[in-house]
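Single-letter residue listing:
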Number of protein chains: 2
Amino acid sequence: MKRPNIGTLVVLAGLSVASAAYAADPLPSWNDGAAKKSILQFVAQVTQKGSPEFVPPAERIAVFDNDGTLWAEQPVYFQFMFMLDRVKALAPQHSEWKTEEPFASLLKGDVKAALAGGERAFGQLLMATHAGTTTEEFEKIVSDWIATAKHPKTGRLYTEMVYQPMLELLSYLRASGFKTFIVSGGGIEFMRPWSERVYGVPPEQVIGSSIKTRFEMRDGKPVLVRLPELDFVDDGAGKPVGIQMHIGRRPLAAFGNSDGDLQMFQWTAAGPGTRFCLCVHHTDAEREWAYDRASGVGRLDKGLDEVKTRGWTVVDMRTDWKRVFAFEKP
Amino acid sequence: MKRPNIGTLVVLAGLSVASAAYAADPLPSWNDGAAKKSILQFVAQVTQKGSPEFVPPAERIAVFDNDGTLWAEQPVYFQFMFMLDRVKALAPQHSEWKTEEPFASLLKGDVKAALAGGERAFGQLLMATHAGTTTEEFEKIVSDWIATAKHPKTGRLYTEMVYQPMLELLSYLRASGFKTFIVSGGGIEFMRPWSERVYGVPPEQVIGSSIKTRFEMRDGKPVLVRLPELDFVDDGAGKPVGIQMHIGRRPLAAFGNSDGDLQMFQWTAAGPGTRFCLCVHHTDAEREWAYDRASGVGRLDKGLDEVKTRGWTVVDMRTDWKRVFAFEKP
């Protein structure tokens, strides 16, 4: 037997430390099955030195959709609930809203009538509640809301409605040298105030939809004012655009749950070497919600077909996840 | 004397390792003087545990302008040279350029006549040379150019025209737990292909001006096509906007050299606690160039006044830097 040299011993010691860190299961809320197996196999392939599929840490970019992938999105996107609450909070300063649509209907609690005006009505609600403040003011508004607002069905804070298996996956990838990004259709400044605390994803790794801002001096103090003008929609074909703009390299792995993530999957999968795409399928009407092709929120239709055709990983929430939310009784 | 506990010993051991790493001067190309002293003092203040000005690593964001701050910008911005070379390279495919302005003048070597058409002419040159390819094609074009193109005065590769003292500063800040970003008026995709190799700044930490892109399927393969439409100008009042869009938090330290960096300085300085702004002043006509208030490239006029009024750090290149470029004879 050849005597191992010092280098080999150092490498072996390093490996055993790495293994020890995950001697315990890194994904304890995942049932043993095809989805979990495919994740572990992918991570092993790209991280083991000497593996033909090895990828240097700098290129280990993982992108996660947010609504329906990291936290729930039913009965409506949580940012929509924020918007409704903001209209109510701002109403005392806008007596004209008592008669002006879409605000009047919304303040009477008739969401359907408020949205009868289509895209224009939605745009009015969005800008009335998301623009007009400085970036610092908006951060405080979101932080205050997210600290207290409760989900209409579960009565939980929205930040408790995050998926425990996905939190474990985020941690596992980071421990394996990945840089984790959020790539969401939701507002970039709606997510940043809490993404680091809840997901461990710092603001500079959050990509989302945005409105324009303008630099101004107010009483000698510089501020960024949020303008009532769309800047970028980070959804569907916008996701690869947002990824290129913010990250500037192609992800190694992408995680999503709806047709809005399809182009992000395609863009990721088209890179050379091993790539990984995982689609969360909402199949659990008891612990969460069951929906796909016909849903108005988080529709998964064309995406489901392509995910299956191409053999990407599908997570069946009902069978693949031991636990959905941390607050569930075990 | 009280016996130190294990925790104290571990901390002390850690400190001595940290000190040992910089027992050698972390900024060897900087002369001892006010500028160097202010850098070392700032870093000590925000990184020493127990200091009233201590800032956690996650918030140690440092932003660097590129042209004139990290690399030279005379006799014209290097990206302008890239543009001229691209017009020449593309000319065989565009016989109409023989008679069409601004291309005709440029191909005859008359830059001044080419730019007589003002902003419109510049826009035409920019889009003809920066748009129309996929993002992957453009990355290769830039990589090939930067690997071979030579500076007209020094005959050096452009990537050799980087300031050695600033490379040391980038490394020192990163070793001190800072995340370093580039925030440049230059094109984001013009810098990314070489920023990691030359500056140690990965593509996801590069912020710059951009044109729009569009996601498309070409023969079943997804591509991002660069469109002849401005998306964002990351200069002047645009820099704080770009910083918010990409980083989502205010920098702790900002490094620049021209009036185009003034709003970035103001935005940085307006944050709570200790902040640091440093302005490189081009005062060395022998080793580099000497210019400020009257220069067409990298003008420093209003900025110089404000930098002095507010007591921000000014680097006098002639006296503060032992060496400007790594290729200089010592």
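(A) Structural context of the sheet that holds strand β2 (residues 179-187) of chain A. All names here are of chain A. With mixed pairing, seven strands are arranged side by side in an open sheet as β4-β3-β2-β1-β5-β6-β7. One side of each edge strand has no neighbouring strand; the edge strands of this open sheet are β4 (221-232) and β7 (313-316). When the angles between neighbouring strand axes are averaged without regard to direction, this sheet yields 30°. Where strand β5 (residues 253-256) meets strand β6 (residues 276-281), four bridges bridge the pair, whose relative direction is parallel. Looking across to β6, one finds that Ala 253 is bridged to Phe 276. Here helix α6 (residues 118-130) sits on the sheet and contacts β3 (206-218) and β4; the angle it forms with β4, its principal contact strand, is near 170°.

(B) Region of the structure containing the pattern of salt bridges. All chains considered together, the criterion is met by 40 salt bridges over all chains. Between Glu 216 of chain B and Arg 218 of chain B there is a salt bridge; the shortest N-O distance is 3.2 Å. One connected set of salt bridges, linked through shared partners, spans Lys 179 and Arg 249 of chain A together with Glu 196 and Glu 204 of chain B.

(C) Quick peek at helix α11 (residues 262-269) of chain A. Most of α11 of chain A sits inside the fold, with seven of its eight residues counted as buried. The set of residues buried in α11 of chain A consists of Leu 262, Gln 263, Met 264, Phe 265, Gln 266, Trp 267 and Thr 268 of chain A.

(D) Molecular detail of unusual backbone geometry. Residues and elements named next belong to chain A. Residues Glu 101 and Pro 102 are joined by a peptide bond in cis, for which omega reads 5°. By the element assignment, Pro 102 lies in the loop between α3 (78-90) and α4 (103-107). In the Ramachandran plot, Asp 219 falls in the positive-phi region, its phi being about 50° despite a non-glycine side chain. Within the secondary structure, Asp 219 sits in the loop between β3 and β4.

(E) Expanded view of the interface of chain B and chain A. Every contact between the two is made by 37 residues of chain B and, on the other side, 36 residues of chain A. The junction of chain B with chain A conceals about 3,000 Å² of combined surface from both sides, 57% of it contributed by carbon and sulfur atoms. When the area that chain B buries against chain A is broken down by residue, the three leading residues are Glu 204, Phe 215 and Met 245 of chain B, summing to 22%. Between the two partners, chain B and chain A, sit eight salt bridges. A salt bridge links Arg 249 of chain B to Glu 204 of chain A, with the shortest nitrogen-to-oxygen separation between them at 3.2 Å.

(F) Representation of the sheet that holds strand β1 (residues 61-64) of chain B in the model. Residues and elements named next belong to chain B. The strand order β4-β3-β2-β1-β5-β6-β7 describes an open sheet built from seven strands, whose pairing is mixed. Each edge of the sheet is formed by a strand with only one pairing partner; in this case those strands are β4 (221-232) and β7 (313-316). Adjacent strand axes in the sheet meet at a mean angle of 30°, parallel and antiparallel pairs treated alike. Here four bridges tie strand β6 (residues 276-281) to β7, and the two strands are oriented parallel to one another. Bridge assignment links Cys 279 to a residue of β7, and that residue is Val 314.

Quick notes on the rules
Residues numbered from 1 in each chain as written. Chains lettered and ligands numbered in written order. Predicted model: local features only at pLDDT ≥ 70, side-chain atom pairs only at ≥ 80, totals over all residues. Heavy atoms only, no water. Pairing = 2+ DSSP bridges. Helix = DSSP H or I, 4+ residues; strand = E, 2+ residues; numbered from the N terminus. Axes fitted to C-alpha atoms, helices over the stretch in contact; angles between N-to-C directions. Contact = heavy atoms within 4.5 Å. Salt bridge = Lys/Arg side-chain N within 4 Å of Asp/Glu carboxyl O. Buried < 20%, exposed > 50% of the residue type's maximum accessible area, 1.4 Å probe, protein only. Buried area = accessible area lost by both parts, 1.4 Å probe.

Take it as geometry only, folks, not as evidence of what the structure does.
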